[in-house]
Amino acid sequence: MRILVTAFEPFGGNDTNISQKVLDAIQADVTKLLLPVSFRRAPEVLNEAITQFQPDVIISMGQTAEGDKIRLERLAINLMDSAKGDNDGYIPDEELICPEAPLALKTALPVKPLCADCINAGLPTIVSNSAGLYVCNRIYFEALRHSPNSLFVHIPKNMDLEIAKQVINHVLKQL
Ligand code: PCA
């Protein structure tokens, strides 16, 4: 099975992005891709990688300011909105990502069992119903358009790196 794992570069005045650190640490046999925090460029870079690697599964990661648990995202919403600009300075104002697509796309991967498995292993994980309307949601929407076998994992900014790595390793092992 070909697995593509993505993470994001720093954004919003942060010097680092925990998703990038986790990506660097992954030792499994996966294709790794670092994405720009750009509504326009991130999907372009993802699409090039999909064409090149033809992945069976796409696991995308990003940093969140919310909560203290890793969030397995169930849905991507067909909307972009942001008070702050992306790394290109672009500020979408309630823009549909794709007018012909449904308002939301749902992963076909088993988020609840995956989450239960992480919790059983003592890892702080929850299922989330919204990845927000910023670039993480944008990239999850793009991944789900290509394949429902996609999952977005949101990692809290201040989470212990070892725990974050374990959650990703755990998810990769369950695929
Ligand atoms: N987090 C942002 C975009 C990049 C990232 O790591 C988000 O939650 O949309």
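First, a word on what this report is: a plain description of the structure on this page. (Residues numbered from 1 in each chain as written. Predicted model: local features only at pLDDT ≥ 70, side-chain atom pairs only at ≥ 80, totals over all residues. Heavy atoms only, no water.)

**Overview of helix 5 (residues 161–174)**
Relative to the 20 Å expected for 14 residues at 1.5 Å per residue, helix 5 spans 20 Å between its end C-alpha atoms, a close match to the ideal helical length. Of the positions making up helix 5, those classed as buried are A164, V167, I168, H170, V171 and L172. Of the residues flanking the start of helix 5, the one acting as N-cap is D160, its side-chain oxygen 2.9 Å from the backbone nitrogen of E162. (Helix = DSSP H or I, 4+ residues; strand = E, 2+ residues; numbered from the N terminus. Expected span 1.5 Å × (residues − 1). Buried < 20%, exposed > 50% of the residue type's maximum accessible area, 1.4 Å probe, protein only. Polar contact = N/O pair within 3.5 Å; in protein donor to acceptor, adjacent residues only side chain to side chain.)

**Some points on helix 2 (residues 41–53)**
If you check helix 2, its first and last C-alpha atoms are 18 Å apart, about what 13 residues at 1.5 Å a residue would give, namely 18 Å. Taken residue by residue, helix 2 has A42, P43, L46, A49 and I50 as its buried positions. For helix 2, the buried positions fall inside an angular range of 125° around the axis, keeping them on one side. More than 90 degrees from the buried face of helix 2, the exposed residues found are E48, T51 and Q52. (Arc of directions from axis to C-beta.)

**Side note on the site of the ligand**
The ligand sits among F8, F11, N17, V37, G62, Q63, Y134, V135, C136 and H154. For the ligand, an oxygen atom lies 3.4 Å from a polar atom in the backbone of V135. Side-chain polar atom of H154 to an oxygen atom of the ligand: 2.9 Å apart, as the coordinates give it. Protein chains shield 94% of the accessible area of the ligand, which is 260 Å² for the free molecule. Mapped onto the shell around the ligand, the elements with two or more residues apiece are strand 3 (57–64) and helix 4 (135–146). For the shell around the ligand, the per-class residue count stands at six nonpolar, four polar and no charged. (Near = heavy atom within 4 Å. Areas by Shrake-Rupley, 256 points an atom, 1.4 Å probe, with all protein chains shown as cover. Nonpolar A, V, L, I, M, F, W, Y, C, P; charged D, E, K, R; others polar.)

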